Amino acid sequence: MATKDIGRINQMSFDFDGISESETKRKKSKSTKSVKAKKRTTGAGAPKRKSSSKAGTKAKAKANVKPASAVAATAESMATKQRDISISEFFAKNRHLLGFDNPRKALLTAIKEAVDNSLDACEEAHILPEILVAVKQLSDKRFTITIRDNGPGIISKQIPNIFAKLLYGSKFHSLKMSRGQQGIGISAAGMYGLLTTGEPVQIISRTSKNKKASHYHVQIDTSKNKPQVVLDEDCDFELPTGTQVIITLEGKYQKGRQSIDEYISQTAMANPHATFVYMAPNEEAIKYERQVKTRPFIPVEIKPHPYGVELGLLYKMARESSAKRLSAFLQHDFSRVSSRLANEICKKAKLSRNLRPGNITLKEAELVHSAINDTKIMSPPVNCIGPIGEKELEEGLKRVVDAEFYAACTRKPSVYRGNPFLIEAAIAYGSKDKGGGDNGDPDKQPLMELKRFANRVPLLYQQGACAIHKAVIETNWRNYNLSQSRGALPAGPIVLMIHIASVWVPFTSESKEAIAHYPEIIKEIKLAIQECGRKLGMYLRRQRRIKQEMVKRSYIETYLPYIGEALQDILLLNDRQVKTVVSRLKDVLEKTRKI
């Protein structure tokens, strides 16, 4: 730049500074004048106003005082406030995420988590479950719940962690069907009891008839997510093996929908191999005897399917694998990958099959991930999920619902995100409890009663947010001779039961109350509903034909005697001839009427 231009720019900046400086001086002088004017009007020499007072002056003085502004935070001051948050401390403040929204729901959730654990333990030990659920009311808001099972029991050193530590369990990393998934449920129930009543969880567990039972009182330290043992002793137990859990908590007992009574009846419906004894507050015990004496299918743990593994997880698995070659890693760490497929994936990724997985780069992992998605791989094995079965579904439905017609179906396994799942459906029509009928007024008929299950566990809340509900209302029930308003469940005395079994049920939240809207899951639910719907439609059409036939038969039986009398008068027939003519006429009408 030329020297003249630089000088011109400096001169311009000097002029600008000068202007701004003079402007500042002018503003200062103006503000000084206004302050002096105020002093003259409000100072000691100013004339006093008659309406002024000391209180008013003080009030004005207080009003003119500006509040102290908050001190701006610095990186150092913010750093002093930052600390680790325990998972149990987080859920203690956000217990609604776990299903402890209100006292009524909290009471149900605590029982559900304990019953789920009992059923899982019995089935893994190949024991037909016998479960006791007792609810005792101590005061208006305080209850004690007792859940006892005949399972294999729990070893002594594991009891504190299982019942007083969140995210501790054996099912999170296991790819097989189970009721529990996250290792949160029963410890969260104990934490809720501790927060609302201050009482620890009481556990009695026995692993062998030759040993004494372990008796523990434990509570959770929410700041550290660690168990605190209040009591540890040996005791007697009436069962040779099993576990008993007692939790005192704040709750509300109420019958009806979304109640403990409804949960127990639906659990008995989905688990016909189990016996349940339920003792409600101030009521006699209700016993649901087992309907089948065969144990349910025990799922087998499988390895993850390649289609369900995302890039980051694939990279992590490869870096942590003990395999020495990339082809061996693909073959042994995933399901449905043979030696031929492993070599094909390596070839498509343009990587050596002898590449060491522990040294793989992110770019190479991305190539492997793309090659997997471009390779046709068989669906994962389905021995990791255990369906209830069509016969057992129907028996379970009959156990609770008294109806005229039953139908059930079990779909073939399918896959979402590499996770195998299976849909089952059962329907009962003409439920005595729901009333109504085929020819009743649709406006007066009750809506269908939908019962949702995931891994044999009833889902009682958030029905509208569930994929099962979405699939049901999107099904055209008019094809099956049922009335249905747009966007609503069909009308009629119907009970529909939908069960999803999967190695990992995609719940919408930690409270496990609704299933996410995966297109693959919704499609399979609709297909199961349609299969049951066709059977129901056939039954309803047959019932309608029978009803029409009965009406026609009543016409014949009503008017034939009058026809006989008319023929007798016209043709002068005797009684024997009239009887013969009427009999023949009846046979002709029966044969010619449409069926």
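Residues numbered from 1 in each chain as written. Predicted model: local features only at pLDDT ≥ 70, side-chain atom pairs only at ≥ 80, totals over all residues. Heavy atoms only, no water.

For the structure on display, the rule yields 7 aromatic pairs. For the ring pair Tyr416 and Tyr518, a centre distance of 4.9 Å and an interplane angle of 50 degrees mean the geometry is tilted. Here Tyr416, found in strand E10 (residues 414-416), pairs with Tyr518, found in the loop between strand E14 (494-502) and helix H15 (519-571); they are 102 residues apart in sequence, far enough to count as distant. Between Trp477 and Tyr480 the ring centres are 6.0 Å apart and the planes differ by 80 degrees, which places this aromatic pair in the edge-to-face class. (Phe/Tyr/Trp six-rings, centres within 6.5 Å; stacked < 30°, edge-to-face > 60°. Helix = DSSP H or I, 4+ residues; strand = E, 2+ residues; numbered from the N terminus.)

This part covers the pairing of strand E1 (residues 130-137). Two elements, E1 and strand E7 (residues 275-279), share 5 bridges in a ladder whose sense is parallel. Note on E7: the bridge partner recorded for Ile131 is Phe276. The sheet contact formed by E1 and strand E2 (residues 142-149) spans 6 bridges and is antiparallel. For Ala134, the partnering residue across the bridge sits in E2 and is Thr146. Hairpin connection, E1 to E2: the antiparallel pair is bridged by 4 residues. (Pairing = 2+ DSSP bridges.)

Tallied over the full model, the rule gives 19 salt bridges. When the shortest N-O distance is used, the salt bridge between Lys112 and Glu113 registers 3.6 Å. Comparing Lys112 with Glu113, the two get one shared label, buried. Salt-bridge contacts for Lys398 lead to Glu394; the nearest nitrogen and oxygen are separated by 3.5 Å. Remark: Glu394 and Lys398 occur in helix H13 (residues 390-400); sequence separation between them is 4 residues, near one turn of the helix. Bridged by salt links that share partners, the residues Lys112, Glu113, Asp116 and Lys512 form one connected network. (Salt bridge = Lys/Arg side-chain N within 4 Å of Asp/Glu carboxyl O. Buried < 20%, exposed > 50% of the residue type's maximum accessible area, 1.4 Å probe, protein only.)

Next up on the list: helix H9 (residues 311-320). Residues of H9 that are buried include every one of Leu314, Met317 and Ala318, and no others. Considered in projection along H9, the buried side chains sweep an arc of 100 degrees and stay on one side of the axis. Turned more than 90 degrees from where H9 packs its buried face, Gly312 and Glu320 sit exposed. Buried residues belonging to H9 abut helix H10 (326-333) and helix H12 (362-373). (Arc of directions from axis to C-beta. Contact = heavy atoms within 4.5 Å.)

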